[in-house]
Amino acid sequence: MKRNPIHIDDLAVKAYEIWSEHWILLTAGDLAAGRFNAMAIGWGALGNMWGKPFVQVVVRPCRHTHGFMERHETFTVSVFPEAYAKAVQLLGSKSGRDGDKIAESGLTPIASSKIEAPGFDEAELILECRQIYRDKFDPRGFLDKTIGKNYPLKDYHSVFYGEVLAISGIGSYRRD
């Protein structure tokens, strides 16, 4: 897909809709070394933290991608059009521990412009990020008691904040 660089000030997304209504992959690792993994995500945030544009993502410790997030400083968030929903679902339902799920998905990993973690050629938006914070959710901090229902196995997510270093996207993600 043809994407062009987008400056953070020109990025046009609906902060809630991007996570709830799009097909998104989180990818961590090193493309050049051939060691990376991707997983589907639907929870996250975009914003400003410590004077930096950031993306916040969460990953359960049991996910294969979690280890890549811990071992590598960078990650990408790639947003896909509906046409790639099945490929993203496959990457969210299979583990990279069990085989080459990325090849099976038919998606094409591509080099990022500033980081080691790859994006995907089919994505309509790619955010390249460098980790600036990580921690594990502590259930004692859940002020809304309904949140605990998301964790029947007590497998609380780790949260990762990434400074957005580069953005590429199609025209609809650029503010006029």
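This text follows the structure it describes.
Because the structure is a prediction, the values reported are computed rather than measured.

### A few points about the overall build of the chain
Summing up its helical and strand segments, the chain has four helices and 10 strands in all. The secondary structure elements of the chain, listed N-terminal to C-terminal, are β-α-β-β-β-β-α-β-α-α-β-β-β-β. For 176 residues, the compact-globule estimate of 2.2 N^0.38 gives 16 Å, and the C-alpha radius of gyration of the chain, at 16 Å, lies within 12% of that figure. Projected onto its principal axes, the C-alpha positions of the chain cover 45 × 40 × 30 Å. Scored against the burial criterion, the 176 residues of the chain give a buried share of 45%. Sequence separation of at least 24 residues holds for 74% of the intrachain contacts in the chain that already meet a minimum separation of 6.

### Notes on helix H3 (residues 85-93)
Turning to H3, its buried residues number three or more, namely Ala 85, Ala 87, Val 88, Leu 90 and Leu 91. Of the surrounding elements, those touching the buried residues of H3 are strand E2 (23-30), strand E3 (35-41), strand E6 (74-80) and helix H4 (101-105).

### Regarding the side chain of Gln 56
Within the secondary structure, Gln 56 sits in strand E5 (residues 52-59). Residues contacting Gln 56, with those up to four places away along its chain left out, are Trp 19, Trp 43, Gly 44, Ala 45, Val 159, Phe 160 and Tyr 161.

### Here we look at helix H2 (residues 64-71)
When we look at burial in H2, the residues that qualify are Thr 65, His 66, Gly 67, Phe 68 and Met 69. On the buried face of H2, the contacting elements are E2, E3, E5, E6, strand E9 (125-136) and strand E10 (158-169).

### Quick notes on the environment of Pro 139
Here Pro 139 lies in the loop between E9 and E10. Sequence separation between Pro 139 and Ser 93 is 46 residues, and the spatial gap between their C-alpha atoms is 25 Å.

### Notes on the pairing of E5
On a regular strand, each side chain points to the face opposite its neighbour's, so the side chains alternate between the two faces of the sheet. The buried fraction of E5 is high, at six of eight residues. As judged from the six bridges shared by strand E4 (residues 44-49) and E5, these two strands associate in the antiparallel manner. Within E5, the position partnered with Asn 48 by the bridge is Pro 53. Between E4 and E5, which pair antiparallel in sequence order, lie two residues; one of them, Trp 50, sits at a positive phi of approximately 55°.

### Description of unusual backbone geometry
Backbone geometry places Trp 50, a non-glycine residue, at a positive phi of 55°. With respect to the helices and strands, the residue Trp 50 is situated in the loop between E4 and E5. Among the residues examined, Trp 50 registers a relative accessible area of 52% and is labelled exposed. Unusually for a residue other than glycine, Lys 154 sits at a positive phi of about 60°. Here Lys 154 shows up in the loop between E9 and E10.

### Some points on the packing of aromatic side chains
A full pass over the atoms with the stated rule returns 10 aromatic pairs. Lying over the aromatic face of Phe 68, Arg 71 brings its terminal NZ or CZ to 4.9 Å of the ring centre.

### What about the pairing of E9?
Here six bridges tie E6 to E9, and the two strands are oriented antiparallel to one another. Opposite Ser 78, over in E9, you have Ile 126 as the bridge partner. Judged from the 11 bridges that link them, E9 and E10 form a sheet pairing that is antiparallel. Note that in E10 the partner of Arg 134 across the bridge is Phe 160.

### Structural notes on the pattern of salt bridges
Side chains that differ in sign of charge can pair as their charged atoms come close. According to the stated counting rule, one finds five salt bridges in the structure shown. Salt bridges here are not isolated pairs; linked through shared partners, they connect Lys 52, Arg 130 and Glu 163.

Criteria and thresholds
The residue numbers shown here count from 1 along each chain, following its written sequence. Note on the predicted model: pLDDT of at least 70 is required for a residue's local features to be given, and 80 or more for side-chain atom pairs to be given and counted; whole-chain, interface and lining totals, by contrast, use all residues. By convention in this description, side-chain values take in all heavy atoms of the structure and omit both hydrogens and water. Strands are runs of DSSP state E lasting at least 2 residues, helices are runs of H or I lasting at least 4, and numbering of each runs from the N terminus. Each radius of gyration reported is based on C-alpha atoms, and the globular scaling rule is 2.2 Å times the count of residues to the power 0.38. Whether a residue is buried, partly exposed or exposed follows from its accessible area with a 1.4 Å probe, protein chains only, as a fraction of its type maximum: under 20%, in between, or over 50%, in that order. Note on definitions: a residue-residue contact is assigned when non-hydrogen atoms from the two residues lie within 4.5 Å. A pair of strands is considered paired only if DSSP assigns at least 2 bridges between the two. Centre distance within 6.5 Å is the pairing criterion for rings of Phe, Tyr and Trp, where only the six-membered ring of Trp is used; planes under 30 degrees apart are then read as stacked, over 60 as edge-to-face, and the remainder as tilted. For a ring to carry a charge above it, either NZ of a lysine or CZ of an arginine must fall within 6 Å of the ring centroid while also lying within 35 degrees of the normal to the ring plane. One speaks of a salt bridge when a side-chain nitrogen belonging to Lys or Arg is within 4 Å of a carboxyl oxygen belonging to Asp or Glu.

Functional significance is not addressed by these values, which are geometric in nature.
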